[in-house]
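A structural walkthrough
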Amino acid sequence: MFSIKIRWSNIIIVAGIAILSLFLLAGSASAYPLPAILKINGIEQTSGISSNCWKVENETYSICTDTIGIITPAEPLLIRSPFTAHLTLPIQEPPEELGFSTTRVTDDDELKATVNDVRAWRFEGNRGNWYKLPSEREPDINLSLEPGLYVLNVGAKWKDIGSVTYGFLMQVNDLEAKVTNNVSYGG
């Protein structure tokens, strides 16, 4: 009787490891979208990746991930308004649907449990207006924003591939603000 219990516990452990391995393998089989790139005045920012539903390569199913907010890089792009942002999506095929919104954020909107050089921002519905973009791989976005910190939220959907929400962080400075070099030298 004692040896049967050991065998069952061994079977349960092996089954648990097998199930965990399947999840890890499925997660590594291209079931996660690549980031997009935003370029403003020659400076690039790689997006954060928020909620998404992405098809597993060579399979008939998708893996979906919901995030608690909009994920952005930790450091904002420093820009002046008005500006043109050039978006580059990682998939060669143009998206079926593409749109964006900009939301002005403050420290109170940031979710404090962030790591790995990214920040997360509270997203309560669509506080900003949602604008459709042409279904192109590299559209331009022309914006004029008041000074402040903004999250640019981009949603893209590809037929038979998946959908993803990309997040970018921009700091819009006053038009008349002068850029200064804050380098100090030890002496």
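Residues numbered from 1 in each chain as written. Predicted model: local features only at pLDDT ≥ 70, side-chain atom pairs only at ≥ 80, totals over all residues. Heavy atoms only, no water.

A look at the layout of surface pockets
- Within this model, the largest pocket holds a volume of roughly 220 Å³.
- What lines the largest pocket is simply Glu96, Glu97, Leu98, Gly99, Trp130, Lys132, Leu133, Ser135, Gly155, Ala156, Lys157 and Thr165.
- When contributions to the lining of the largest pocket are tallied by element, the ones reaching two or more residues are β8 (97-105) and β13 (148-158).
- Considering only residue class, the lining of the largest pocket consists of four nonpolar, four polar and four charged. (1 Å grid on protein atoms, 1.4 Å probe; cavity = no way out; pocket = protein on both sides within 12 Å on 5 of 7 lines; lining within 4 Å. Points joined across faces, edges and corners; volume = space filled by probe spheres on them. Helix = DSSP H or I, 4+ residues; strand = E, 2+ residues; numbered from the N terminus. Nonpolar A, V, L, I, M, F, W, Y, C, P; charged D, E, K, R; others polar.)

Description of the confidence of the model for the protein chain
- When the pLDDT values of the protein chain are averaged, the result is 80; 73% of them are 70 or greater.
- Summarising per-element confidence for the protein chain, the mean pLDDT is lowest in helix α1 (residues 2-28) (43) and highest in strand β1 (residues 37-40) (98).
- Counted against residues more than four places away or in other chains, residues 8-29, with its pLDDT under 50, gives seven contacts.
- Contacts from residues 177-187, a stretch scored under 50 in pLDDT, to residues over four places away or in other chains number three contacts. (pLDDT = per-residue confidence, 0-100. Contact = heavy atoms within 4.5 Å.)

Examining the sheet that holds strand β2 (residues 43-46)
- Ordered by their spatial adjacency, four strands build an open sheet running β2-β1-β7-β12, and the pairing between neighbours is antiparallel. Each edge of the open sheet is held by one strand with a lone partner, namely β2 and β12 (140-143). Averaged over all pairs of adjacent strands, the angle between strand axes in this sheet comes to 25°, irrespective of strand direction.
- With four bridges joining them, β1 and β2 adopt antiparallel strand pairing. Among the inter-strand pairings, leucine 38 is bridged to a residue of β2, identified as glutamine 45. (Pairing = 2+ DSSP bridges. Axes fitted to C-alpha atoms, helices over the stretch in contact; angles between N-to-C directions.)

As for the nonpolar core
- Core analysis: the largest hydrophobic core is formed by 28 residues, its most contacted members being Leu38, Phe83, Tyr166 and Met170.
- When contributions to this core are tallied by element, the ones reaching two or more residues are β1, β3 (48-55), β6 (77-80), β7 (83-88), β8, β12, β13 and β14 (162-173).
- If you look at the next biggest cluster of nonpolar residues, it comprises six residues, including Trp121, Leu149, Val151 and Leu169. (Core = buried A, V, L, I, M, F, W, Y, C linked by side-chain atoms within 4.5 Å. Buried < 20%, exposed > 50% of the residue type's maximum accessible area, 1.4 Å probe, protein only.)

What about the state of the cysteines?
- According to the stated counting rule, one finds one disulfide in the structure shown.
- Bridging cysteine 53 to cysteine 64, the disulfide has an S-S length of 1.8 Å. Separated by 11 residues along the polypeptide, cysteine 53 in strand β3 and cysteine 64 in strand β4 (residues 62-65) bring together distant segments of the chain.
- Accessibility expressed as a relative area gives 49% for cysteine 64, which makes it partly exposed. (Disulfide = S-S within 2.5 Å.)

Looking at the sheet that holds strand β9 (residues 110-111)
- With antiparallel pairing, the three strands of this open sheet are ordered in space as β5-β10-β9. Two strands close off the open sheet at either side, each with one partner strand: β5 (70-73) and β9.
- With four bridges connecting them, β5 and strand β10 (residues 118-121) associate as antiparallel partners. Paired with threonine 72 across the two strands is arginine 119, which belongs to β10.

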